[in-house]
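Now for the letters of each chain:
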Amino acid sequence: MLSSVVIIAVLVAADQLSKYFATAYLAPAGTMPFIPGVMELRYVLNEGAAFSLFADKEWSRIFFICTTAIVLIVLIVYSVKQKPKSKWEAAVVILILAGGIGNLIDRILHGYVVDFFSTTFIEFPAFNIADCYICIGAALLILIALVEMKKEAKEEKKESEKEVGNGTP
């Protein structure tokens, strides 16, 4: 548990440090090349949710702060009561908590989230390191669910073959 808290703190610190550097060094320049043909660094202040949804609404700041806080609290309570069954499940919780906390800090302190990664090969909204944590955590969660479903299906098939082999209908 303590090691998870330390990892979350380190990840949040890395996110906040990256946003500090984006604000200090990228904001004056606006954009900089990063990976030619793939991504550039672009300073963006996102007052909305993912993809800048609801950015122009007065209620959005309070709504996103409250919603994020509730989701984080639920995730913390769930992970304390249910204890992740594997290191992969623990990684999901750590990544989603770190990303949520990183963006929540921005919303509380500034009223917006600093985004700075911007793809150049497709039209896609700018994002930040906390967003990466959340997306990687969500992708891991989906993979874990798919593996579990496959495992359960295999066990059910084995059980059904066992019953048929014994002559049990």
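None of these values were measured; they are calculated from a predicted model. (Residues numbered from 1 in each chain as written. Predicted model: local features only at pLDDT ≥ 70, side-chain atom pairs only at ≥ 80, totals over all residues. Heavy atoms only, no water.)

## Topic: the overall build of the protein chain
Looking only at helices and strands, the protein chain has 4 helices and 3 strands in total. Its helices and strands in sequence order give the protein chain the pattern α-β-β-α-α-β-α, from N to C terminus. The burial tally for the protein chain puts 30% of its 169 residues in the buried class. A sequence separation of at least 24 residues applies to 68% of the contacts in the protein chain between residues at least 6 apart. Carbon and sulfur atoms form 70% of the exposed surface of the protein chain, whose accessible area is close to 11300 Å². (Helix = DSSP H or I, 4+ residues; strand = E, 2+ residues; numbered from the N terminus. Buried < 20%, exposed > 50% of the residue type's maximum accessible area, 1.4 Å probe, protein only. Contact = heavy atoms within 4.5 Å. Areas by Shrake-Rupley, 256 points an atom, 1.4 Å probe, with all protein chains shown as cover.)

## Observations regarding the nonpolar core
By size, the foremost hydrophobic cluster in this structure holds 16 residues, and its most contacted members are I8, L11, L95, L97, A98 and Y133. Where this core is concerned, the elements lending two or more residues are α1 (2–29), α2 (60–82), α3 (87–110) and α4 (129–165). Considering each element in turn, this core owes the most residues, 7 residues, to α3. If we skip the residues at most four places from it in the chain, L11 touches I94, L95, A98 and Y133. Core analysis: the next-biggest nonpolar cluster, separate from the first, contains 9 residues, L41, Y112, F116 and F127 among them. (Core = buried A, V, L, I, M, F, W, Y, C linked by side-chain atoms within 4.5 Å.)

## A look at the packing of aromatic side chains
Applying the stated rule across the entire model yields 7 aromatic pairs. Considering the side-chain rings of F116 and F117, the 4.7 Å spacing of their centres and the 50° angle between planes classify their relative orientation as tilted. Accessibility assignment for this pair places F116 and F117 in one class, buried. When the centroid spacing of 5.6 Å and the interplanar angle of 40° are considered together, the rings of F117 and F127 count as tilted. Here F117 is found in strand β3 (residues 113–119), whereas its partner F127 is found in the loop between β3 and α4, with 10 residues between them in sequence. Summarising the burial analysis for this pair, F117 and F127 share the class buried. Among the aromatic residues, those joined into a ring-pair cluster are F34, F116, F117, F124 and F127. (Phe/Tyr/Trp six-rings, centres within 6.5 Å; stacked < 30°, edge-to-face > 60°.)

## Describing α1
A rise of 1.5 Å per residue sets the reference length of α1, with its 28 residues, at 40 Å; its end C-alpha atoms lie 40 Å apart and thus fit the reference within 8%. Within α1, the axis deviates most sharply at T23, by approximately 35°. G30 sits one or two residues past α1 and shows a positive phi near 85°. (Expected span 1.5 Å × (residues − 1). Bend = angle between axes of the 7 residues up to and from the residue.)

## Considering the packing of α1 against α3
One can describe the packing of α1 onto α3 by two numbers: an axis separation of 9 Å at closest approach and a directional angle of 40°. In terms of axis orientation, α1 runs oblique to α3. The hand of the α1/α3 crossing is right-handed. Every residue of α3 that contacts α1 at S4, I7, I8, L11, V12, D15, Q16 and K19 is listed here: I94, L95, L97, A98, I101, G102, N103, I105 and D106. (Axes fitted to C-alpha atoms, helices over the stretch in contact; angles between N-to-C directions. Parallel < 35°, antiparallel > 145°, perpendicular 65-115°, else oblique. Left-handed = near helix turned anticlockwise from the far one by under 90°.)

## Structural notes on the pairing of β3
For β3, the buried fraction is high: 7 of the 7 residues fall into the buried class. Relative to β3, strand β2 (residues 39–46) is paired through 6 bridges, and the arrangement is antiparallel. If you follow L45 over to β3, its bridge partner there is V114. (Pairing = 2+ DSSP bridges.)

## Some remarks on unusual backbone geometry
Backbone geometry places K83, a non-glycine residue, at a positive phi of 45°. Look at K83 and you get exposed, because its relative accessible area is 52%.

## Quick notes on the pattern of salt bridges
As a working rule, side chains carrying opposite charge can pair if their charged atoms are close by. Under the definition given, this model contains 4 salt bridges. Residue K19 is joined to D106 by a salt bridge in which the shortest nitrogen-to-oxygen separation is 2.8 Å. Of this pair, K19 sits in helix α1 while D106 sits in helix α3, and the two are 87 residues apart along the sequence. Judged on exposure class, the residue K19 and its partner D106 are both buried. (Salt bridge = Lys/Arg side-chain N within 4 Å of Asp/Glu carboxyl O.)

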